[in-house]
Structures are given as C-alpha cells and as structure tokens.
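The chain contents come next:
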Amino acid sequence: MKKAVVGVGVALLFGLLLLTLVGGYGVGGGLEQRLSSAVAEFDAESDQVTVEVVEFDRGHWSSQAQLRIALSGEVAAEYRREVGAPFAFEVPLTIEHGPLLWEATGPRFAWARASGDVRLTPGTVAGVEQASGEVMQWRVPLDGSPAELELRFGLGGQLDGRLTLRDFSGTVVEADGERLALTLADVELRHRSEAAGERFFTTVRGAELGYALGAAGGERQGASDRGQLRDFVLSITGEAHPSGLWPGGLELSAAEWSLHSGGLGHDGARGGLPALGWQGEEVALRYSLELAQERATLGVAADSGPLRWWLDREEVRLAAAQLRATLSEVTAESLLSANRLLQESDGLTAYQRDRLAQAAISEFINGGPRLQVDTLRLVGEHGAGELSGRLQLTERSNRVLNPWAILEGADLDVTLRIDERQLFALLGAMGAAVEDTTGLGGESGVELGIGQPDQPGAELGIEADEARTQPVARPGGQWQQIIEEAVAAGYIERQDGVLSSRLRFSDARLRINDQPAEELVLALWAAFL
C-alpha cells in the first residue's frame, strides 16, 4: 500500500515537472498575442492613458517584454506642447511561462505571470530636466521607480493586475512659488478583468494617501489645497451592457478622510478665497447602478462617524450621519448624454457644451425620474435631524423643458424631524440670529468654537494654519419668533422637544401638515423680497 502511494506521488511530481518544462515552451508561442490583446483592450477603454508593447523577446521558460505607458488627454497634450515630448513610463517585464507557476504559496495554474518596475522613459526624464530650472525644481529622483507592476494571465481568459506604489513622504516638485507634497503608505491597486474585458473588478487600498499643494517658501508656509485618506479601501465593479453603460457598483471605506481648499495665497498669507473643508472619521459609501429595459436605478448608501465642515471662520460639527436614497426611472439615454458631455467637453465651445447639457437635463427630467430618500439622518451634539420622502416627476414625450408643466406634474412628499436644541445649534453655527430659549447657554443659544479645525498636512512638511477660536455674539430672536408662529399656525408640530413637518406638493398645490400653505409661501416671498 505504501509503495502504491509513493508511486502515485512520484508520478504526480514527474507530471508537474513535465508540465512546467514542456508546457512553458508551448505557452511562449501564444504569449505575445495574449499580451498584445490585453494591452489593446485596456487602451481602448481608457482615454487618459495609452499603452503599447514596444518590445517582446520570447524565451523557452520565460520571456522579456517592454510596455510603454503614455499620459493622454488635454493636460498631457499641453505638456507635450510645452516640452516637446510626451510624458511616458516604461515597464520592462520578466514573464514566467505557465501553465504551472511556482509561487510562495504553492503551485498555481495560469498562462503566465509578468512583473517589472515602472520608470519614466529616458525621453521624459530629459524633457523634465530641460524644463526644470529657476521656475520648477523636482525634489525626487527622476530615474527612480515609483511603482511595481505585476500581471497574471489566467487559463480562462482572466487578467489580474497589481500595481504597488512605493512608500513616499515629502515634496515632489516646486514650481511657480508653490510646492506639491505627497504621502503614500502601503498603497496598492488590484484589477481583474474577465470575459474578454466584459466584466472588471478594481480595488485600491492603503494605509495612507495624501497630497498638499501650497506656498513653497516665505515666513509662513502653508497648504492651500490638501486631502488625505487613512486606512482606506475603494472597490469598483462593472459589466458591459448593450447601451454602452457599465452597470455595477462602488464602495469606499476609510478610517479618516479630509479635504481642504483655499485660504492661502502664493506668498503664504491668507488669500482672497475663503478656506473650505471637510473632515470625517469611519466613513462608508456605497453606490450602485442597475439597468433594465433602458431604464437605470442608482442607489446610494452612506454612513459616517464624526464630521466637520467649515467655511472660513464658520464651522459645523456632527457626531454621525447616514443616508439611504434611490434614484429610479432614469433613462439610459440621459446618462449616456451626461457621459458624452464629460468626455467631449474639452474640445467643445461654450455654446456646444450648453446645448449638450440642456439636452441631457431635458432627457433626464422628461423621462419621469423618481427620487426616494429612505433616510437622511444627521446627529449633532444636541440631538438629531432626519429627512425622508420622495419626489416623482411625470414622464413627458415633449423633449423641450417646460418649468410650469414640470411643476404641475411633480409629486413631492417629505417629512422633516429635528431636535429643537440641535436646530438652534446649527442656526447659531451658521451665523443666524437666535435667542437663548433652549437652555444651551450664551447670548446666541449656542457655545461653539468658531475657527479652523485640525488641519492635516503637517506630516507632509507643510505647516497647518493657526487655529483661531473666538466667541461670536448673535443677539435677537428672529428665528425663534418664526418657529413659534409656525407652531401656532400648525405648520410645525412640537412634541417632547422635537419639531416635525410634513410637506406635500401635488397638483401644483403645497400643503404642510395637511394645511394649505399659500399664505406661508406669500409671507416668505414678501419677507425675502
């Protein structure tokens, strides 16, 4: 019995070795065609990058190849006009032949596996060095490799790719009085293509990904634009459809994220644009696109932990947020029109862009879309606010936009609920005149620090703006009076400190809590005029 087992094991090992030796030579014959087909497939789907096989040297058990990846699009065209050469990368690949590959985790069946370092082409390096000088200085070695590429060709026609970015933190380039800094830590991109490119799965994950663009020198250095993701995963799936759209989904999760724009001039002082930013923790975002009978359904789900939003010196903070919404009955043609507008806008005149935009909007609205918001919930320090409802537009055969006809056919049903304490906190944070009737303390009814929140980017070598906090007095009771009058009129219901209203708009009539709202609309119109 033992001899039989040993004999089977020896035969299996011999078969694997024979498959490795003989199969490798057979695979090499069709490998160049497979590589060229995969490159052509990717090249056809991308309008920002062009890829080509510039060299292929077939071997017995392994082969050598070289890919050339050049940036395209308007930015790449402008760079080529300025420098006289394209901005391109080269990837020298070492290709191991299958159908049996020996990996660290054990043997694996595949046609081939290719790997190599991504580098700037000599022509690109020469062009960048020629353009560098007093105006622009690169702070990274141009002959280095920023990433490693690995490709695996499956026996069933699958293509798996992995792009691993090398860790980096510091300034990349200084130009025109500003500098660009990047932070990359454990960032990796994986892509899988199946069914001759008819289905794809893409994942980007990393410990940290950040950028900062700001003043390059002076007494105060600062980042006027910056963004950061920590411990994030981005997944995208898609499948080809006869309409030309790619139904699928997107998921993004991150432990921390931030985005900041404006607030600093080229000399490091505060510029003319106000500082605008967002910052959050524990975010999860999901998006989906489904197609059936030339109609699309788009779904959005979002959850977040603590959030901060600020505009210059004003700030709003939330403890948590949640969104569940669906947009259905969207015509596929309206999505295709919007896609064409995005892809072709660079080469169009302002008049042509306006015409395309009007056509896309008309197709969307006249198609009779339906928006369903299951919940939009915002939780603050003093309570929560929640919105739910739907908006249905009537489908119209006339492709000319008619605002009055759209209003006449609109059906809106929305319910709003918010803790009164949280409402006054939000109004106070946004600079509204409120009175202390909620027990929050202070003349304005809120005690909020108004200033810049913690600003990411210091670890990129760029100093953050100085936090400035000062109380803001907001006397008066304008909003309190409005709310009390609305409660008395029945437009707002108050129960246990919670304010709520239900808005209905149908047959061109607005009702609030089942009461006609014409008088309220006229009063508000007169007040704002």
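Since this is a predicted model, take the numbers as computed values, not measurements. (Residues numbered from 1 in each chain as written. Predicted model: local features only at pLDDT ≥ 70, side-chain atom pairs only at ≥ 80, totals over all residues. Heavy atoms only, no water.)

Attention shifts here to the overall build of the protein. Helix and strand counts for the protein stand at nine helices and 27 strands. Out of the 529 residues in the protein, the part that is buried amounts to 37%. Roughly 29400 Å² of accessible area belongs to the protein as shown, and the carbon and sulfur atoms make up 57% of that amount. (Helix = DSSP H or I, 4+ residues; strand = E, 2+ residues; numbered from the N terminus. Buried < 20%, exposed > 50% of the residue type's maximum accessible area, 1.4 Å probe, protein only. Areas by Shrake-Rupley, 256 points an atom, 1.4 Å probe, with all protein chains shown as cover.)

This part takes up the pairing of strand β22 (residues 383–392). Consecutive residues of a regular strand have side chains that alternate between opposite faces of the sheet. Here strand β21 (residues 370–380) runs beside β22; their pairing, made up of nine bridges, is antiparallel. Bridge pairing in β22 links Val 379 to Ala 384. A loop of two residues connects β21 with β22, the two strands running antiparallel in sequence. (Pairing = 2+ DSSP bridges.)

Let's shift gears to the pattern of salt bridges. Scanning the entire structure with this criterion turns up 26 salt bridges. We note a salt bridge from Arg 119 to Asp 117, for which the minimum N-O separation is 3.9 Å. Between Arg 494 and Glu 484 there is a salt bridge; the shortest N-O distance is 2.9 Å. Separated by 10 residues along the polypeptide, Arg 494 in strand β24 (residues 493–495) and Glu 484 in helix α8 (residues 478–489) bring together distant segments of the chain. Looking at Glu 484, the relative accessible area reads 34%, which means it is partly exposed. What you see here is one network of salt bridges that share partners, running through Glu 150, Arg 152, Arg 162, Glu 188 and Arg 190. (Salt bridge = Lys/Arg side-chain N within 4 Å of Asp/Glu carboxyl O.)

The next thing to look at is the nonpolar core. Leu 35, Val 91, Leu 93, Ile 95 and Phe 153 are the most contacted members of the largest nonpolar core, which totals 27 residues. When contributions to this core are tallied by element, the ones reaching two or more residues are α1 (2–45), β1 (49–57), β2 (62–71), β3 (88–97), β6 (112–120), α3 (122–131) and β8 (147–153). If we ignore the near neighbours within four places in the chain, the residues touching Ile 95 are Leu 31, Leu 35, Phe 56, Trp 61, Ser 62, Ser 63, Ala 65, Ala 112, Arg 113 and Ala 114. Core analysis: the next-biggest nonpolar cluster, separate from the first, contains 11 residues, Phe 424, Ile 483, Tyr 491 and Ile 512 among them. (Core = buried A, V, L, I, M, F, W, Y, C linked by side-chain atoms within 4.5 Å. Contact = heavy atoms within 4.5 Å.)

It is at 8 Å that the axes of helix α4 (residues 332–344) and helix α5 (residues 350–366) come closest, and there the two elements cross at 160°. Here α4 lies roughly antiparallel to α5, going by the angle between them. With respect to the hand of their crossing, α4 and α5 are arranged in left-handed fashion. Contacts between α4 and α5 involve Glu 333, Ser 334, Ser 337, Ala 338, Leu 341 and Glu 344 from the first element and Arg 353, Leu 356, Ala 357, Ala 360, Glu 363 and Phe 364 from the second. (Axes fitted to C-alpha atoms, helices over the stretch in contact; angles between N-to-C directions. Parallel < 35°, antiparallel > 145°, perpendicular 65-115°, else oblique. Left-handed = near helix turned anticlockwise from the far one by under 90°.)

Let us look at a nonpolar patch on the surface. Taken together, the side chains of Tyr 211, Leu 259, Trp 278, Trp 309 and Leu 311 make up a nonpolar region of the molecular surface, amounting to roughly 420 Å² of accessible area. Along the chain, Leu 311 falls in strand β18 (residues 307–311). We classify Leu 311 as partly exposed; its relative accessible area is 37%. (Patch = residues over 30% accessible without salt bridge, like charges linked within 9 Å, V, L, I, M, F, W, Y side chains within 5 Å.)

This next bit is on the packing of aromatic side chains. A complete count under the given rule lists two aromatic pairs for this structure. Plain terms: the ring middles of Phe 87 and Phe 89 are 5.7 Å apart, the flat faces sit at 75° to each other, and that makes the pair edge-to-face. In this pair, the class of Phe 87 matches that of Phe 89, namely buried. (Phe/Tyr/Trp six-rings, centres within 6.5 Å; stacked < 30°, edge-to-face > 60°.)

So, on to unusual backbone geometry. Even without a glycine there, the phi angle at Asp 496 is positive, about 55°. Tracing the backbone shows Asp 496 in the loop between β24 and β25 (498–506). For Ala 508, which is not glycine, the phi dihedral falls at a positive 60°. Position of Ala 508 relative to the elements: it lies in the loop between β25 and β26 (509–512). Judged by its relative accessible area of 47%, Ala 508 is partly exposed.

When the pLDDT values of the protein are averaged, the result is 77; 77% of them are 70 or greater. In this model residues 1–26 is a low-confidence stretch, pLDDT under 50, and it forms 21 contacts with partners more than four residues away in sequence or in other chains. A low-confidence stretch, residues 264–272 (pLDDT under 50), is modelled with 26 contacts involving residues beyond four sequence positions or located in other chains. (pLDDT = per-residue confidence, 0-100.)

Tracing the sequence through the fold places Asp 413 in strand β23 (residues 411–419). A distance of 2.7 Å separates polar atoms of two side chains, one belonging to Asp 413 and the other to Arg 502. Excluding residues within four positions of it along the chain, Asp 413 makes contact with Ser 388, Gly 389, Arg 390, Arg 502, Leu 503 and Arg 504. (Polar contact = N/O pair within 3.5 Å; in protein donor to acceptor, adjacent residues only side chain to side chain.)

Turning to the side chain of Thr 183, a few remarks are in order. The topology assignment puts Thr 183 in strand β11 (residues 178–185). Within the structure, Thr 183 has its side chain in polar contact with the side chain of Ser 169 (distance 3.5 Å).

With that settled, the discussion passes to the environment of Thr 50. Within the secondary structure, Thr 50 sits in strand β1. Using a relative accessible area of 34% as the deciding quantity, one classes Thr 50 as partly exposed. Between the alpha carbons of Thr 50 and Ala 40 there is a distance of 9.1 Å; along the sequence they are 10 residues apart.

This paragraph deals with the environment of Glu 290. With respect to the secondary-structure elements, Glu 290 resides in strand β16 (residues 276–292). Each C-alpha atom, one on Glu 290 and one on Pro 247, is 5.3 Å from the other, the two residues being 43 residues apart in sequence. Residues contacting Glu 290, with those up to four places away along its chain left out, are Pro 247, Arg 295, Ala 296 and Thr 297.

What follows deals with α3. Along α3, the positions that sit buried rather than exposed are Thr 124, Val 125, Gly 127 and Val 128. The buried residues of α3 occupy one face: seen down the axis, they fall within an arc of 165°. Of the residues in α3, the exposed ones pointing more than 90 degrees away from the buried face are Pro 122, Glu 129 and Gln 130. For α3, the secondary structure elements touched by its buried residues are α2 (73–83), β3, β6 and β7 (136–138). (Arc of directions from axis to C-beta.)

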